[in-house]
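Residues per chain are reported as follows:
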Amino acid sequence: MPRIELGSYVEDFITWLLRAIPGVLDAISAVVTAITDALTLALTGPPFWIWIPVLALAALLVRGVGLAVYTLLAFLLISSLDLWAETMETLAVVLVAAVIATAVGVPLGIWAARKRAASAVLRPILDFMQTTPVFVYLIPAVFFFGIGAVPGVVATTIFAIPPAVRLTELGIRGVDPEVVEAAHAFGAHPRQILREVQLPMALPSIMAGINQVIMLALSMVVVAGLAGAGGLGTVVVSAVTQLDIAAGFEGGLAVVLLAIFLDRITAGLAQRPLTGYWTKLRNRQSAPATARPATEPTPAAAPAAG
Amino acid sequence: MPRIELGSYVEDFITWLLRAIPGVLDAISAVVTAITDALTLALTGPPFWIWIPVLALAALLVRGVGLAVYTLLAFLLISSLDLWAETMETLAVVLVAAVIATAVGVPLGIWAARKRAASAVLRPILDFMQTTPVFVYLIPAVFFFGIGAVPGVVATTIFAIPPAVRLTELGIRGVDPEVVEAAHAFGAHPRQILREVQLPMALPSIMAGINQVIMLALSMVVVAGLAGAGGLGTVVVSAVTQLDIAAGFEGGLAVVLLAIFLDRITAGLAQRPLTGYWTKLRNRQSAPATARPATEPTPAAAPAAG
Amino acid sequence: MSAVSSTGSEAAMIRCQGLTKVFGSGPAATEALELSGRGVGRTEIQERTGVTLAVHDVSFDVRPGELFVVMGLSGSGKSTLVRLLNRLIEPSGGTIEIDGRALGGLDDAELRELRNRRMSMVFQHFALLPHRTVRQNAEYGLQIRGGAEADRREKGEWALEQVGLADRAEALPGELSGGMQQRVGLARALASDTDVLLMDEPYSALDPLIRRDMQALLLRLQRELNKTVVFITHDLNEAMLLGDRILLLKDGRLVQVGTGPEILAAPADDYVADFVADVDRTRVLTAADVIHQPRLTAHLDDNPADLLRRLGEAESTAAYVLDDEGRVLGVVHDDWLALAQATRTREITRESLTDDYLTTGADRPLIDILQQVGRHPVPLAVVDDERKLLGVVPRAAVLAALATPSRS
Amino acid sequence: MSAVSSTGSEAAMIRCQGLTKVFGSGPAATEALELSGRGVGRTEIQERTGVTLAVHDVSFDVRPGELFVVMGLSGSGKSTLVRLLNRLIEPSGGTIEIDGRALGGLDDAELRELRNRRMSMVFQHFALLPHRTVRQNAEYGLQIRGGAEADRREKGEWALEQVGLADRAEALPGELSGGMQQRVGLARALASDTDVLLMDEPYSALDPLIRRDMQALLLRLQRELNKTVVFITHDLNEAMLLGDRILLLKDGRLVQVGTGPEILAAPADDYVADFVADVDRTRVLTAADVIHQPRLTAHLDDNPADLLRRLGEAESTAAYVLDDEGRVLGVVHDDWLALAQATRTREITRESLTDDYLTTGADRPLIDILQQVGRHPVPLAVVDDERKLLGVVPRAAVLAALATPSRS
Amino acid sequence: SAGPGGSTVRAAQFPWSAAKLTNAILAEVVATHPELGVSRIKTIQVGPATAWAGAQRGDVDMLSEVAMPNQEALAGKAAERIELVHETYGEAGQGWFVPTYALEPGQPLDGLRSVTQLNDYADALGGRLVDSDPSFITTEQNTKRLAGYGLDLEQVTSSEAAQLAELRRSYERREPILVYLYHPHWVFEEFDLTQLEEPDPYQPDCFTTGNGACAMPAYAAWTASSKELATTSPRFHALLGRFELPLPDIEVMLKAVDVDNEDIEEVARTYVAEHPELVRTWVG
Ligand SMILES: Nc1ncnc2c1ncn2[C@@H]1O[C@H](COP(=O)(O)OP(=O)(O)OP(=O)(O)O)[C@@H](O)[C@H]1O
Ligand SMILES: Nc1ncnc2c1ncn2[C@@H]1O[C@H](COP(=O)(O)OP(=O)(O)OP(=O)(O)O)[C@@H](O)[C@H]1O
Ligand SMILES: [Mg+2]
Ligand SMILES: [Mg+2]
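Cut-offs and rules
Residues numbered from 1 in each chain as written. Chains lettered and ligands numbered in written order. Predicted model: local features only at pLDDT ≥ 70, side-chain atom pairs only at ≥ 80, totals over all residues. Heavy atoms only, no water. Helix = DSSP H or I, 4+ residues; strand = E, 2+ residues; numbered from the N terminus. Rg over C-alpha atoms; globule rule 2.2 N^0.38 Å. Buried < 20%, exposed > 50% of the residue type's maximum accessible area, 1.4 Å probe, protein only. Contact = heavy atoms within 4.5 Å. Areas by Shrake-Rupley, 256 points an atom, 1.4 Å probe, with all protein chains shown as cover. Lys, Arg positive; Asp, Glu negative; His and termini not counted. Charge placed at Lys NZ, Arg CZ, Asp CG, Glu CD. Core = buried A, V, L, I, M, F, W, Y, C linked by side-chain atoms within 4.5 Å. Donors = N, O, S within 2.8 Å, 3.2 Å for Na, K, Ca; no water. Buried area = accessible area lost by both parts, 1.4 Å probe. Salt bridge = Lys/Arg side-chain N within 4 Å of Asp/Glu carboxyl O. Polar contact = N/O pair within 3.5 Å; in protein donor to acceptor, adjacent residues only side chain to side chain. UniProt positions renumbered as here; feature names shortened; annotations may be inferred. Near = heavy atom within 4 Å. Nonpolar A, V, L, I, M, F, W, Y, C, P; charged D, E, K, R; others polar. Axes fitted to C-alpha atoms, helices over the stretch in contact; angles between N-to-C directions. Parallel < 35°, antiparallel > 145°, perpendicular 65-115°, else oblique. Left-handed = near helix turned anticlockwise from the far one by under 90°. pLDDT = per-residue confidence, 0-100. Least-squares fit on C-alpha atoms with pLDDT ≥ 70 in both. Expected span 1.5 Å × (residues − 1). Disulfide = S-S within 2.5 Å. Pairing = 2+ DSSP bridges.

### A look at the overall build of chain E
Helix and strand counts for chain E stand at 11 helices and 11 strands. Against the globule reference of 19 Å for 284 residues, chain E gives a C-alpha radius of gyration of 21 Å, in line with a compact fold. In terms of overall dimensions, chain E has a C-alpha envelope of 65 × 40 × 30 Å along the principal axes. Taken across its 284 residues, chain E has 58% of its residues classed as buried. The long-range share in chain E, meaning contacts at least 24 apart out of those at least 6 apart in sequence, stands at 74%. For chain E, the computed accessible surface area is about 11200 Å², with 49% contributed by carbon and sulfur atoms. On chain E, the mean spot of the 21 positive side-chain charges and the mean spot of the 42 negative ones are 8 Å from each other.

Structure below.
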């Protein structure tokens, strides 16, 4: 076979890109950095004994006592492992990446569910995003956005988008066509059908997608660490190069504890009816006003992300 | 907070395990090595100009002309990039890992769909499997199984199992309960219901899971390379650590081309009615026998893996 | 066969011309249409081309305020037809006009507006939103329309009360029985309060009592609010009771359209005759359908002897006596006439008349007059609002009308 | 109220004792049962405890080969009841015996065996396997049972032919109309060829023609193969036509159980009366329901003069003449009797008898005899197989029976 | 960037202990010598490739512990902005090692001294040379050496972590293993390893035009600094030009950090405190 020098064309292209649109790249970098830094500051600024009760309270409101207890214990364990700051840094990166991935992925999934052609075009692109080894685009990402949190966020986002797209598409395609037809028959706008019929009915699938987004984002923690994003990735990488199983395990454990927390929180947000204390509180408040408990129609919720 | 030396207990435990059950570990290692080696040999043994037509033919039978053409072009490109052998090594590892992950994940997903308790127990474990940085268990995996393909396969499998479980559970839970009830009413055994009602009806979701299994397995190519599994991971790591964007891109491209191929093949296997030439051939054959085309009932297929 | 009324087309609320729908596409669909044009049957077309001809060349008008019933065999294209009426499926051929506007010419926004404000639909398989409560389902059309929360609430509440589900407003559809779910679908359409209602077997899962209420409700809505209703049903009695006109489909083609009694009296073919054989004639047929000219009526100035002779000829024992406008005054019996003849009385006196007779209106169903027929020597009198005698209902005529033409 | 027949329990195919089902669990369910025991209504229980009492304390027997109809308001617990019969839902209380075996005592394998070989079910919402063709759906029960492919194929084919879908065997359920889908569900149950059929509104989506065929099919199966059928329907006429006995539910409680005419004749309460008010009596009532003792019958050896006097007293002009076994020989008219009296004939001669009369069987529905009633001077004769006179049907009796007790 | 008490220097920190130690020592020196005009050394932990990619953009001001000649190619790409300023330590040995226990009498490798004997012990070694990361320059060199010595061993590459894990595994099982390793490394403090002798010393052309049958070259670590640093923090830049650490000192510190799990900053502080003359030569 003749050798095709595909790689060098790409390299040239990247170099060209770097020269052509530095402003754009810098702007993206600046925005993402600002957001991530702000979030990191917010999370690492106050000491752990302020944040832990806050997080536990959030868990209580969203899901209930069980998760609140878990949150308390998990984050106490993390801080007793001396990994509080690193965990919060990681949380910031993961949150930013997951929110971007969801915000991009869900609409793409909706588009793919509506148009066969879109689905056919997206599919190989998603394969590409998920399987190109992150290391391959990590370096261009560093070229584009500089060392720090941004290439980590970018790489994480690229890797985490596909499940959001795929599972949104799957979920929307699975919605009973007769119900959609009924919505059409009542003159609903496609937007309304999407918001009030398709998304709520596809919610279990979409939430599975968001769960995967979060999981994949967390699984990229180490890679983000290699690009200078700090956080638990740094801990794990150092531990591994030192063959320090103990430190590596502790770092990994912190990631997992964070993963379980985020998983449960998102699952809680998606649950209908809501089981958290927030709902109970709201119901209790509205009860005297309307004199009939629980008559307040639960708003048919769009999924947590937009 | 008092420092908890959790990590060292784990380290001690791993060391103990290594001493306690070397036989078991060696056996696992031997089996996986044997399978992977056999597969690698089969794939890398014959030259590319034998394998490419074979793969293209498989694509034709399973899915149709489009995929056959893609297969031809993609693998020719790979071999013109001088990555044929590495790609086949990677394919072997990915296939072994994906098959194991599916074989483990789908039954677990079924179990989780049946029992709320199983689901509740599995969920954090899956979070754990997906988010523990691979580097963390790569080292123990090398301890246990030695450098080579096995730790790569193990790490890949662990990372790839969760989507199979999650999406199988999601799919089975989404099956119309009335249809399941009807199957019960006709005295179907839970096994039959599973095989003939739940799995076929959950197929889109399960196939999305298997797609994710393959994608995640391929995304671990580099990590497998770090454990000594060879293949494209090595190419990418060397390229990247030398800032050789061109070579890195080429390695990544080979992974992506492989990903698209596998994605389409599995999607083709799941499609009802089958669109590939195999079906057409079979129909054409059965036509003169029964004098009526297409009366052959399409067997309600269980998913590709069992 | 065309059912387009000859009276001005501007009067039609729904007007279909040559409506056709083929399930399938490409050359097979064209071939199917062509075959059908040559009179090939649907099953054969299905076998030859693989596509289904669901509706073929159907034309009809529905007048504003009309309750238009569609009937036909299972699979004859009824559901497809109503779905064509609000363009949930695009026709393969033909045109539809709603209130004078061609449906095909509407853009998306106009179509939505039309569906939302002018038409609402009850689905055969209910098609409720499973994640919303009964109340939210009932309010769905209004919610899409936008507008005040309170108003929506009120109308939803009203609709749920109409269908008898106000106490289950907070339940989810999955927790309801089949008939309850169907009524939620009904409430959803009612709450929307549109001019046109498309109802696809809306009462099929209802028990007789609730069904009766729902029928009454529909008739009331139609009468009071002048709703135009296209109503699919498999219940002949329901069709006869509700339908101003009934359209019969067979294999996607229109077979007959007309009022219930018209169809009963003159079925277009054996299919229709067979189709309506089971109808409960006591409820469908009215006094008007069994009315007979009275064999003999008298006036006050008639000669009793003369009358007695005519009575004898007619083998009767009594006769209605009418005034000059034809109003019923009473009944004169042969015994009095004989007496009058004996006493040479020249005229029938008012005092001689008895009131042992019964009257009814022409539009009363037979079920209501069965008790009254044959109670008296004179047959039941059918009178108009001014008590003018229109005719009589002899017992034998009732019995003959009720009997079905025997099936082979 | 209990409907357990007093005749030996070993005869029952299905026997339910105090069957109860509460949707919901925990203390609320217990409370609901307790409230219901105190006679609190279902709506109130629902409001107070939040659980639904779907079936409460229902006891009945179904005999082998019986066609047992269940009726009731929408939401009265019919579907729940049949689902209890094959334990698709576990009862909250009470016992069920199928052919003498307690359902609660069966282990999983036995239960499966029972469901597969003894009972099959038609679902209200069809519950077809959407990914399988019509044929595969029809063969589903057999496929589970295992056994020869050819046999399965044959039985499936037969069942599809019965329901008129043989030509759509390769279609998927989603491509069929509602009524067609329902018939696939029917075919699935028929192909299984089990002793017991549980049918939850199996004909609700069928048009009159196909429905009539299906009713005939069911009656034939029941007669020829002695199937036991539990049949839910909302169609009163269907219930009356098919049902050996009818059970009426209200709010989960049994209100009445009996044959159609029994219920029509003696409704247990206003609810039942109201429920059956709309029935088409011409089809439900039989000659037996309107039979009257003949006012006058004669024998050959009767004295004509004597008979003529009696005829005059009865205001009749003719009378049936019977032989010693009570068989109808013919009709004797007053004119012949007058002649005989004049000629002093002492007996009625066979030659004097006319055959201007009509006979019918006791089980013929009124719709069939309407034409014959009142055609002749003698009323319609009801005879048994040996032409023995059981009674007569006067015209007035028919009309009175057809008229509905008027609703308020 | 100049702060109130001086400028902040952004240093790339490779994820291994020697690099961290070097940075910690520099930070300690900067802290104790305000006259250097550097208020803080801000470390960013990154892999070498990312570090050099960032260096090309000007994201970092200095890199310490730059392994030479391993990172020569990487450094070349950033030459516009960053240059190698001084060798921190040199003459670090590298080569092929076996566990000492395996050489003991009666053990599988009894009698093995030199690389030339390896073919005789190939079976005992499982026919493998457990090499390190495939991107190391030494990996290429080892390939040539295997050919040059005519050795019939498979060269297994993975990553340094996996390689060390494999070494530990062999240690646990008391099995023989042949590994490539370099100094300075904590591994020598934890495991008793013996380097195999090389008959021929390193020749500069050995791996380019030669047959590859020679010892490995000595290994060195350098400090690299951005050209900008010379203007923003000239005194610190000058310090980097003089910064050297004795190899044995590093290995002692590595033991403290990696084997005894002592705090890196603590180790660095102690070292700076205990070696004032050395520090004075750096500061100048
Ligand atoms: N899964 C369920 N969860 C909660 N309540 C239920 C459930 N299924 C049925 N019900 C309630 O049980 C009662 C009886 O329902 P069932 O389906 O048996 O009625 P039905 O007599 O079959 O009515 P229909 O004629 O409308 O089908 C209803 O009030 C219904 O709301
Ligand atoms: N989505 C579809 N794809 C293919 N064929 C269809 C589809 N929908 C309906 N058909 C076919 O069109 C024909 C008419 O169906 P339709 O649902 O209009 O019948 P229907 O008159 O409403 O019958 P029913 O009384 O049983 O509801 C049927 O033969 C059916 O098989
Ligand atoms: Mg229909
Ligand atoms: Mg029901």
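Resuming the write-up.
### With respect to the nonpolar core
Judged by nonpolar contacts, the single largest core of 310 residues is most densely connected at Ile-25, Trp-52, Leu-63, Trp-96, Leu-118, Leu-167 and Phe-236 of chain E. A total of 15 residues in this core trace back to one element, the largest contributor, which is helix H10 (residues 190-219) of chain B. Ignoring anything within four residues of it in the chain, the contact list for Leu-167 of chain E reads Ile-177, Val-179, Leu-181, Val-187, Phe-191 and Leu-193 of chain E. With 132 residues, the next largest nonpolar core counts Leu-285 of chain C together with Leu-186, Leu-264 and Val-393 of chain D among its residues.

### Section: the coordination of the magnesium ion (ligand 3)
Only Ser-79 of chain C (OG) and Gln-124 of chain C (OE1) from the protein reach the magnesium ion (ligand 3) as donors, at distances of 1.9 to 2.2 Å. Separated by 45 residues along the polypeptide, Ser-79 of chain C in helix H3 (residues 78-85) and Gln-124 of chain C in the loop between strand E6 (119-122) and helix H5 (134-138) bring together distant segments of the chain.

### Examining the interface of chain B and chain D
Contact with chain B, which involves 23 residues of that partner, is made by 28 residues of chain D. Roughly 2100 Å² of surface becomes buried between chain B and chain D when both sides are summed, with 56% attributable to carbon and sulfur atoms. Our enumeration of links across chain B and chain D arrives at three salt bridges. The partner of Arg-83 of chain D in a salt bridge is Glu-178 of chain B, and the shortest N-O contact between them spans 3.5 Å. Taken together, chain B and chain D are joined by seven residue pairs in polar contact (both at pLDDT 80 or more). Of all the secondary-structure elements, those providing two or more residues to the side of chain B that touches chain D are helix H9 (177-185) and H10 of chain B.

### A closer look at the UniProt feature "transmembrane region" (unreviewed entry) in chain A
The feature "transmembrane region" (unreviewed entry), as annotated in UniProt, sits at residues 16-36, 48-78, 90-114, 134-161, 213-239 and 245-262 of chain A in this numbering. Structurally, residues 213-239 of chain A comprises 78% helix and 0% strand, and the distance from its first C-alpha atom to its last is 26 Å.

### Remarks on the site of ligand 2
Inspection of the region around ligand 2 gives 22 residues, with Lys-78, Ser-79 and Thr-80 of chain C together with Ser-177 and Gly-179 of chain D positioned closest. The local environment of ligand 2 is shared, drawing residues from chains C and D. A distance of 2.5 Å separates an oxygen atom of ligand 2 from a polar backbone atom of Gly-179 of chain D. Isolated, ligand 2 exposes 630 Å² of accessible area, and the fraction of that covered by the protein chains is 87%. Residues belonging to the shell around ligand 2 are distributed by class as follows: five nonpolar, 12 polar and five charged.

### Here's the deal with the UniProt feature "domain: ABC transmembrane type-1" (unreviewed entry) in chain A
Per the UniProt entry, the sites bearing "domain: ABC transmembrane type-1" (unreviewed entry) are residues 87-266 of chain A in this numbering. With 87% helix and 0% strand, residues 87-266 of chain A has its two end C-alpha atoms placed 18 Å apart.

### Some thoughts on the arrangement of the chains
Ranking the six pairs of chains in contact by number of contacts places chains A and B first. The closest approach of any C-alpha atom in chain B to one in chain C is 11 Å; the two make no contact. Of all C-alpha pairs spanning chain C and chain E, none lies closer than 49 Å, and the two are not in contact.

### Remarks on the site of ligand 1
Surrounding ligand 1, one finds 22 residues, the nearest of these being Glu-175, Ser-177 and Gly-179 of chain C together with Ser-79 and Thr-80 of chain D. Flanking ligand 1 are residues from chains C and D. One nitrogen or oxygen atom from the side chain of Glu-201 of chain D is found 3.3 Å from an oxygen atom belonging to ligand 1. Relative to its unbound accessible area of 640 Å², ligand 1 is 86% covered by the protein chains. Elements represented by at least two residues in the shell around ligand 1 include exactly helix H8 (178-192) of chain C together with strand E2 (52-62) and helix H3 (78-85) of chain D.

### Focus on the interface of chain A and chain B
Counting residues at the interface gives 65 residues for chain A and 64 residues for chain B. Here chain A meets chain B over a buried area of about 5600 Å², counting both sides, of which 73% is carbon and sulfur. Viewed at the interface, chain B and chain A are joined by two salt bridges. Note that Asp-263 of chain B is salt-bridged to Arg-123 of chain A, the shortest N-O span being 2.5 Å.

### Some thoughts on the packing of helix H14 (residues 304-313) of chain D against helix H15 (residues 334-342) of chain D
All names here are of chain D. Relative to each other, H14 and H15 sit at 140°, their axes nearing to 8 Å. With respect to each other, H14 and H15 are oriented oblique. In this structure, H14 crosses over H15, and the sense of that crossing is left-handed. Between H14 and H15, the contacting residues are Pro-304, Ala-305, Leu-307, Leu-308 and Leu-311 on the first element and Asp-334, Trp-336, Leu-337, Ala-338, Ala-340 and Gln-341 on the second. Of the residues in the contact of H14 with H15, the class split is nine nonpolar, one polar and one charged.

### Description of the confidence of the model for chain E
Chain-level statistics for chain E give a pLDDT mean of 88 and a share of 98% at 70 or above. Interface confidence in the predicted complex, given as ipTM, is 0.86; pTM for the same model is 0.87.

### Comments concerning the relation of the copies chain A and chain B
Each copy superposes on the other: chain A lies on chain B with an RMSD of 0.1 Å after a rotation of 180° and an axial shift of 0.0 Å. Both copies of the chain, as the preceding transformation shows, are related through a two-fold rotation axis. A shared interface surface links the copies, since 98% of the contact residues of chain A are contact residues in chain B too.

### Things to note about the environment of Glu-83 of chain E
Residues and elements named next belong to chain E. Here Glu-83 is to be found in strand E5 (residues 82-92). Sequence separation of Glu-83 and Ser-225 is 142 residues, and the distance between their C-alpha atoms is 5.7 Å. Residues contacting Glu-83, with those up to four places away along its chain left out, are Thr-223, Ala-224, Ser-225 and Lys-227.

### Some details on helix H1 (residues 17-32) of chain E
Helix length check: H1 of chain E (16 residues) gives 22 Å between terminal C-alpha atoms against 22 Å at 1.5 Å per residue, within 8%. Most of H1 of chain E sits inside the fold, with 13 of its 16 residues counted as buried.

### Here's the deal with the state of the cysteines
Residues and elements named next belong to chain E. In the structure shown here, the tally under the stated rule is one disulfide over all chains. Residue Cys-206 pairs covalently with Cys-214 via a disulfide, S to S 2.0 Å. On the S-S bond that ties Cys-206 to Cys-214, the torsion sits near -110°, and the link is left-handed. Of the two residues, Cys-206 and Cys-214, neither departs from the other in class, the shared state being buried.

### As for the environment of Phe-231 of chain D
Residue and element names in this part refer to chain D. Inspection of the secondary structure puts Phe-231 in strand E8 (residues 228-232). Between the C-alpha atoms of Phe-231 and Tyr-203, which are 28 residues apart in sequence, the distance is 9.9 Å. Excluding anything up to four places from it in sequence, Phe-231 contacts Leu-67, Phe-68, Val-69, Val-70, Met-199, Pro-202, Tyr-203, Leu-218, Glu-238 and Leu-242.

### Describing the sheet that holds strand E6 (residues 119-122) of chain D
The strands that make up a sheet pair up through hydrogen bonds in the backbone, lying either parallel or antiparallel. All names here are of chain D. Spatially, six strands are ordered E6-E7-E8-E3-E9-E10 in an open sheet, and the strand pairing comes out mixed. Edge positions in the sheet fall to E6 and strand E10 (253-258), since each of these pairs with one other strand and no more. Strand-to-strand twist in this sheet, taken as the mean axis angle between neighbours without regard to direction, amounts to 15°. Pairing geometry for strand E3 (residues 67-72) and E8, over four bridges, is parallel. Bridge pairing links Leu-67 to Val-229 in E8. The strands touched by helix H9 (residues 208-225) within the sheet are E3, strand E7 (196-200) and E8, with E3 carrying the most contacts at an inclination of about 135°.

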